Amino acid sequence: MDSDDLGLFGPGSVTWKVHDEPILIVAGLRSLYLQALHPRAMAGVAQNSDYRTDAWGRLVRTATFVGTTVYGTTAEAEAAGARLRRLHARLRATDPRTGEEFRIDDPDLLCWVHVAEVESFLDTARRAGLPLTDDEVDRYYTEQRRSAALVGLDPATVPGTAAEVDDYYRAVRPGLRMTREAAETALFLTAPPLPWKLSLPARLGLTLGPPRWAYLGIAGTALGLLPAWARRMYGGLGLPTTALTADLSVRALRLALTAVPRRYLEGPLTQAAKQRAERHAAARQAATSPAGQDGRQGVAALLAD
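Residues numbered from 1 in each chain as written. Predicted model: local features only at pLDDT ≥ 70, side-chain atom pairs only at ≥ 80, totals over all residues. Heavy atoms only, no water.

1. Focus on the overall build of the chain
How we decide: Put simply, DSSP marks the helices as runs of H or I at least four residues long and the strands as runs of E at least two long, and each gets a number from the N terminus on. Pairs of residues are marked as contacts when any of their non-hydrogen atoms sit within 4.5 Å. Only the protein chains shown count as covering a residue, and every accessible area follows the Shrake-Rupley method with a 1.4 Å probe.
When helices and strands are counted, the chain shows 17 helices and two strands. Pairs at least 24 apart in sequence give 72% of the contacts found in the chain among residues at least 6 apart. Summed over its atoms, the accessible surface of the chain is roughly 16300 Å², and 60% of this surface lies on carbon and sulfur atoms.

2. Examining the confidence of the model for the chain
To be explicit about the condition: A residue's pLDDT is the confidence the predictor assigns to it, expressed on a 0 to 100 scale.
Averaged over the chain, the pLDDT score is 88; the fraction of residues at 70 or greater is 88%. In this model, residues 198–206 is a region of pLDDT below 50 whose contacts with residues beyond four sequence positions or in other chains number five contacts. Overall, residues 298–305 carries pLDDT values under 50, and its contacts beyond four positions in sequence, including any with other chains, amount to zero contacts.

3. Details of the packing of aromatic side chains
This is how the line gets drawn: Pairing of aromatic rings covers Phe, Tyr and Trp, the last counted by its six-membered ring, and requires centre-to-centre distances within 6.5 Å; plane angles under 30 degrees mean stacked, over 60 mean edge-to-face, and any other angle means tilted. Exposure is judged per residue with a 1.4 Å probe applied to protein chains only, and the accessible area is read against the type maximum: over 50% gives exposed, under 20% gives buried, and values in between give partly exposed.
Following the criterion strictly, the structure yields six aromatic pairs and no others. For the pair Tyr168 and Tyr169, a centre-to-centre distance of 6.2 Å together with 50 degrees between the ring planes defines the contact as tilted. Grouping residues by exposure puts Tyr168 and Tyr169 together as buried. Taken together through their ring pairs, the aromatic side chains of Trp112, Tyr168, Tyr169 and Trp229 make up a single cluster.

4. Brief notes about the nonpolar core
We count it as follows: Here, the term nonpolar core denotes a set of buried Ala, Val, Leu, Ile, Met, Phe, Trp, Tyr and Cys residues that are joined through side-chain atoms within 4.5 Å.
The biggest cluster of nonpolar side chains holds 63 residues, and the ones touching the most others in it are Val18, Tyr33, Leu34, Trp112, Tyr140 and Tyr169. When residues of this core are assigned to their parent elements, the largest contribution, eleven residues, is made by helix H6 (residues 107–128).

5. Re a positive patch on the surface
Stated formally: Patches in this entry comprise residues that are over 30% relatively accessible and not in a salt bridge; like charges within 9 Å are linked, as are nonpolar side chains (Val, Leu, Ile, Met, Phe, Trp, Tyr) within 5 Å. Salt bridges are defined as contacts in which a side-chain nitrogen from Lys or Arg sits within 4 Å of a carboxyl oxygen from Asp or Glu. When charges are counted, Lys and Arg are positive and Asp and Glu negative, with His and the chain ends excluded. Note on charges: their place is set at NZ of Lys, CZ of Arg, CG of Asp or CD of Glu.
A cluster of basic residues, Arg83, Arg85, Arg86 and Arg90, forms a positive patch at the surface. Following the sequence through the fold, Arg90 ends up in helix H5 (residues 74–90). The class for Arg90 is exposed, based on a relative accessible area of 61%.

6. Topic: the pattern of salt bridges
Counted according to the given criterion, the structure contains 19 salt bridges. A salt bridge links Arg262 to Glu266; its shortest N-O distance comes to 3.6 Å. Exposure remark for Arg262: the relative accessible area of 36% places this residue in the partly exposed category. Its salt-bridge partner being Lys274, residue Glu266 comes within 2.5 Å of it at the nearest N-O pair. Connected via shared salt-bridge partners are Arg30, Glu119, Asp123, Arg127 and Asp247.

7. A word on the packing of H6 against helix H7 (residues 134–143)
Counted only if it meets this: Axis definition: a line fitted to C-alpha atoms, limited for helices to the stretch in contact. Angles are taken between N-to-C directions and run from 0 to 180 degrees. Here is the rule for angles: anything less than 35 degrees is roughly parallel, anything more than 145 is roughly antiparallel, 65 through 115 is roughly perpendicular, and the remaining ranges are oblique. By convention, the crossing between two helices is left-handed when the near helix turns anticlockwise from the far helix through less than a right angle, and right-handed when the turn is clockwise. Ten residues, namely Ala, Val, Leu, Ile, Met, Phe, Trp, Tyr, Cys and Pro, are considered nonpolar, four, namely Asp, Glu, Lys and Arg, are considered charged, and the remaining ones, Gly among them, are considered polar.
Here H6 crosses H7 at 155 degrees, and the two axes come no closer than 10 Å. Between H6 and H7, the interaxial angle falls into the category roughly antiparallel. At the point where H6 passes H7, the crossing takes the right-handed sense. Residue-level inspection shows Val118, Glu119, Phe121, Leu122 and Arg126 of H6 in contact with H7, the latter providing Asp134, Val137, Tyr140 and Tyr141. Class assignment of the residues belonging to the contact of H6 with H7 gives a composition of six nonpolar, no polar and three charged.

8. A few points about H5
Definition in use: One less than the residue count of a helix, multiplied by 1.5 Å, gives the span that helix is expected to have.
With 17 residues, H5 extends 25 Å between its outermost C-alpha atoms, agreeing within 8% with the 24 Å of an ideal straight helix rising 1.5 Å per residue. Buried residues of H5: Ala77, Ala80, Gly81, Ala82 and His88, and no others.

9. A look at the environment of Thr221
Among the secondary structure elements, Thr221 is positioned in helix H12 (residues 210–224). Look past the residues within four positions of Thr221 in its chain and what remains in contact with it is Val26, Ala246, Ser249 and Val250.

10. Quick notes on the layout of surface pockets
For clarity, the threshold we go by: Here the term cavity refers to a set of points on a 1 Å grid, laid over the protein atoms alone, in which a 1.4 Å probe fits but cannot get out; the term pocket refers to an open set having protein on both sides within 12 Å along at least five of seven lines, with lining residues being those that place an atom within 4 Å of a point. Grid points are joined across faces, edges and corners, and a volume is the space filled by probe spheres set on the points.
Size it by volume and the second largest pocket reaches roughly 260 Å³. In terms of lining, the second largest pocket is formed by 16 residues, of which the most central are Arg30, Glu119, Asp123, Asp166 and Pro227. Mapped by element, the contributors of at least two residues to the lining of the second largest pocket are H6, H7 and helix H9 (162–172). In terms of residues, the lining of the second largest pocket owes the most to one element, H6, which gives five residues. Taken together, the residues of the lining of the second largest pocket sort by class into ten nonpolar, no polar and six charged.

11. Structural notes on the side chain of Arg276
As a reminder, the rule being used: Whenever two N or O atoms come within 3.5 Å, that pair is a polar contact, provided that in protein one can donate a hydrogen and the other can accept it, and provided that, for residues adjacent in sequence, both atoms are side-chain atoms.
Mapped onto the elements of the fold, Arg276 is located in helix H16 (residues 268–288). No salt bridge is formed by the buried Arg276; its nearest oppositely charged neighbour, Glu76, is found at 4.8 Å. Side-chain polar atoms of Arg276 contact the backbone oxygen of Tyr71, separated by 2.7 Å.

As structure tokens, this is what we get:
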């Protein structure tokens, strides 16, 4: 049944293990800081996106796409990928340095966004305390090639292990730099307009209410979790102590999130996927139990008669 389809990954995957972590909200922000360092990727966003006027709407849409690829049925994931490919195919941008027009669905750009995203998810989860073996790390990257295929990439060209991700970063780093668009985006990410209800204290003259302080703490942690070379591009020193502070912060945040009931942290996509997985497991157990086998044998005997 389609309703019980386990999607691209399923409960036995490393992908489900990683994305079951609420701490990935920090990973998403880390990924955006990292992606901004790619001049063409940043130009593409700046010239085609309404992120400044609809920052939270865009964040929700991005989170929904990731959630659909991870937890949706196979049909839902493929439909979400097809919609994104159609959107990207229509978009163009101009390189601010050379004046050259380029496609948003250029494979090099898509690969950069993909790797920055999945590496951020994995790195943040591990540093927050999720236990993963080296084999599981490689399996996660290999599994995520399925997500890369949805956005239009050839999976064979996408880094599929930790070593390949390291090699990819070494190859792409010479082309990364801090541009005006990157700096403006980083500033925006660090202090975006809060949703109306959360920004009410500011409307009353209280410019740094609890929601703003909380968000600033998350943004600071996300920046601290960047690779040392990326922190240096943002003007930091890339010191080990910065990474250690970020590690302690993200571990503390993960610990705090464990006190929050899961029903408040899991969205409808995640809950529906887990319900499908439970039905699937129950059906398999029933099919392999002695009672289930006896029932099938009885049906076979009746058919034979």
